[in-house]
Amino acid sequence: QLSTVSDALKGRFVSGDAVQVRGWLRSKRDSKAGISFLAIHDGSCFDAIQAVVPNTLDNYQSELLKLSTGCAVIVCGELVESQGKGQSLEIQATAVEVVGWVDNAESYPIAKKRHSFEYLRTQAHLRPRTNTFGAITRLRTTLANAIHNYFYRDGFHWINTPIITASDCEGAGELFRVSTLDQVNLSAGGAKLDYSQDFFGKETFLTVSGQLEVEAYCLAMSKVYTFGPTFRAENSNTSRHLAEFWMVEPEVAFANLDDNADLAEGLLQHVFTRVLEECEDDMAFFQQRIDNTVIDRLRSVIDNRFERMEYSEAIRILENCGESFEYPVAWGVDLASEHERYLAEKHVGRPVVLMNYPKDIKAFYMRLNDDEKTVAAMDVLAPGIGEIIGGSQREERLSVLDERMDEHLREELWWYRDLRRYGSVPHAGFGLGFERLLNYVSGMDNVRDAIPFPRTPGNAAF
Ligand code: 4AD
Ligand code: MG
């Protein structure tokens, strides 16, 4: 019977069952007694399954002795109790078919030894064959599934907002422009481009956030979210920034900033619970080999409410904490990652929601507070990461919104203004960086290791 490694090891099949397992060789050991031991992985679970291969098989000398790490095989045999410690079941092989050879074992880029994560980034096409990236991939699947499930259960609609857009949601100018090959050739030939002649009739970009479009659906469907790739041409070479990353952006009508913080809390508690239930082996690996605090920190989010703090209070704490920061702190400054991490790691010790930031450091769409100095913004800051979520209550009053947009923006976002003219209501939402979330859950340090093929300044090799 065809079986995944997980089915064979995790109880769907039992000792005595005849199984067929298909996968890749993680390692091989040949004993003097004329028996070979293959460790085979297929992505279905953390563990590889061991196949015990006797030299009585037809192709033992001609093929099986030549197997090396990375080869693809199909193993048929009987599931038996393992003699070795640590493994419950193994396959007593009766046939091993070699499906794909490794043409040169010495040059195979993923040896059995441990590689640095930096090296593995240069082998992004093969790194999913390692323990670590197999575990991250399963975690990514479970997290995405849990996020969709949380929203689905709660009556949210998943809105597929456009990737090609004409607007700069965050107003930070970190846009990748979309152009056709014809246009590129034209401009290379020295022609001056007239973007009104562009494919779309206007200049377009890869989206930095689906928020503006998802707001339109929010003001019709009440509870919505978008979850997809977003793009930022920010030239920051840090462990927290990617040029292409995935973002989860819920938006809720008739909601204020407190409701927004509650939603962030509920979402994270749900997905962390699911991860602990469904990725036990993978989480045990991260706990043991990457960061021995990861499981505790998920539990602490599940068991506690987030600490909520005013921006002004955070500034007071940072000014008086006696820590020497690289960037100075004063009311009105945007917090640097060192400040965010101090608050989350040292002051609170778990995620903290900072609220009500100065309006001058935040985007135009955030709702102006009664003090007219701050906006109803919130960032969730997490230990080890810093900002993991950024959101706000939105400005639903047209006249106030107009004050915060220049003429060009008012023209460009005529449709966004329309939403404030026709049945506008208070509403709020946030963006959760999916790769930062994955790092928080796994304890991995770099977002480049949380996405299959990372895009960063100077790197789109794959
Ligand atoms: O704070 P940001 O820029 O917020 C927005 O884009 C809002 N429009 C979201 C909304 O309210 N619907 O980004 C949200 C989150 C950040 O907190 C961070 O986790 C992640 O997206 N993020 C990045 N992740 C990886 N690489 C980058 N370059 C990122 N920029 C932001
Ligand atoms: Mg932000």
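Residues numbered from 1 in each chain as written. Chains lettered and ligands numbered in written order. Predicted model: local features only at pLDDT ≥ 70, side-chain atom pairs only at ≥ 80, totals over all residues. Heavy atoms only, no water.

Chemist: Is there a simple way to think about the environment of Leu 419 in this case?
Modeler: Positionally, Leu 419 belongs in helix α13 (residues 414–421). Overall, Leu 419 belongs to the buried group, its relative accessible area being 15%. Sequence-wise, Leu 419 and Leu 398 are 21 residues apart; in three dimensions their C-alpha atoms are separated by 8.8 Å. The residues touching Leu 419, leaving out its near neighbours within four places in the chain, are Glu 215, Ala 216, Leu 219 and Ser 424. (Helix = DSSP H or I, 4+ residues; strand = E, 2+ residues; numbered from the N terminus. Buried < 20%, exposed > 50% of the residue type's maximum accessible area, 1.4 Å probe, protein only. Contact = heavy atoms within 4.5 Å.)

Chemist: Even after reading the chapter, I still don't get the nonpolar core, so can you show me in this structure?
Modeler: Counting residues in each nonpolar core, the largest one holds 86 residues, and the members touching the most others are Met 283 and Leu 437. With near-sequence residues (within four places) excluded, Leu 437 lies in contact with Leu 143, Ile 147, Leu 268, Phe 272, Ile 388 and Leu 432. Listed in part, the 34 residues of the second largest apolar core include Tyr 311, Ile 315, Val 352 and Tyr 357. (Core = buried A, V, L, I, M, F, W, Y, C linked by side-chain atoms within 4.5 Å.)

Chemist: I'm lost on the site of ligand 1 in this one. Help?
Modeler: With respect to spatial proximity, 24 residues lie near ligand 1, and among them Glu 170, Gln 211, Glu 234, Glu 249 and Glu 387 are the closest. Contacts to ligand 1 include Leu 242, whose backbone N or O atom sits 2.9 Å from a nitrogen atom. Within the side chain of Arg 394, an N or O atom sits 2.9 Å from an oxygen atom of ligand 1. Isolated, ligand 1 exposes 630 Å² of accessible area, and the fraction of that covered by the protein chains is 93%. Secondary structure elements with two or more residues in the shell around ligand 1: β12 (244–253), β16 (386–393) and β17 (427–433). Among the elements that take part in the shell around ligand 1, β16 stands out by supplying 5 residues, more than any other. Counted by class, the shell around ligand 1 contains 8 nonpolar, 8 polar and 8 charged residues. (Near = heavy atom within 4 Å. Polar contact = N/O pair within 3.5 Å; in protein donor to acceptor, adjacent residues only side chain to side chain. Areas by Shrake-Rupley, 256 points an atom, 1.4 Å probe, with all protein chains shown as cover. Nonpolar A, V, L, I, M, F, W, Y, C, P; charged D, E, K, R; others polar.)

Chemist: How do you make sense of the sheet that holds strand β10 (residues 204–206) when you look at a structure like this?
Modeler: Strand-to-strand pairing in sheets goes through backbone hydrogen bonds, with the strands running parallel or antiparallel. Read across the open sheet, the 3 strands follow the order β8-β10-β9; overall the sheet is antiparallel. A single partner strand is all that each edge strand has here, and the edge strands are β8 (164–165) and β9 (177–178). (Pairing = 2+ DSSP bridges.)

Chemist: Got a minute to help me understand the pairing of strand β2 (residues 18–30) in this structure?
Modeler: For a regular strand, side-chain orientation follows a simple rule: the groups alternate between the two sheet faces. Pairing analysis gives 2 bridges linking strand β1 (residues 2–3) to β2, with the strands arranged parallel. Bridged to Ser 3 within β2 is Val 21.

Chemist: Is there a simple way to explain the environment of Leu 335 in this structure?
Modeler: Position of Leu 335 relative to the elements: it lies in the loop between α9 (311–319) and α10 (337–348). Between the C-alpha atom of Leu 335 and that of Asn 459, which follows or precedes it by 124 residues, the distance is 28 Å. Those residues in contact with Leu 335 that sit more than four places away from it in its chain are Tyr 311, Ile 315, Leu 318, Glu 340, Leu 343 and Leu 354.

Chemist: I'm lost on the packing of aromatic side chains in this one. Help?
Modeler: By the definition in use, this model includes 17 aromatic pairs. On the basis of an interplanar angle of 65° and a centroid distance of 5.5 Å, the ring pair of Phe 285 and Phe 286 is categorised as edge-to-face. Exposure class is identical for Phe 285 and Phe 286. Each is buried. Geometrically, the ring pair formed by Phe 325 and Tyr 342 is edge-to-face, given 5.9 Å between the ring centres and 85° between the ring planes. Taken together, the positions of Phe 325 in the loop between α9 and α10 and Tyr 342 in helix α10 put the pair 17 residues apart, joining distant regions of the chain. With respect to burial, Phe 325 and Tyr 342 carry one shared label: buried. Grouped by ring-pair contacts, the aromatic residues Tyr 150, Phe 151, Phe 156, Trp 158 and Tyr 225 constitute a single cluster. (Phe/Tyr/Trp six-rings, centres within 6.5 Å; stacked < 30°, edge-to-face > 60°.)

Chemist: Hey, could you run me through the sheet that holds β16 in this one?
Modeler: Spatial strand order, β7-β11-β12-β17-β16-β15-β14-β13: 8 strands in an open sheet with mixed pairing. Lying at the two open borders of the sheet, with one neighbouring strand each, are β7 (157–158) and β13 (307–310). Where strand β14 (residues 352–358) and strand β15 (residues 374–382) come together, 6 bridges link them in antiparallel fashion. In the strand pairing of β15, Leu 354 is matched with Asp 379. Relative to β17, helix α14 (residues 434–442) is tilted by about 60°, and along the sheet it contacts β11 (223–231), β12, β15, β16 and β17. (Axes fitted to C-alpha atoms, helices over the stretch in contact; angles between N-to-C directions.)

Chemist: Help me understand the side chain of Glu 215 in this model?
Modeler: Take Glu 215: it is sitting in helix α5 (residues 211–221). Side-chain polar atoms of Glu 215 contact the side chain of Arg 420, separated by 2.8 Å. Once residues lying within four places of it in the same chain are set aside, the contact partners of Glu 215 are Glu 251, Arg 394, Tyr 416, Leu 419, Arg 420 and His 427.

Such coordinate-based values are descriptive only and should not be taken to indicate function.
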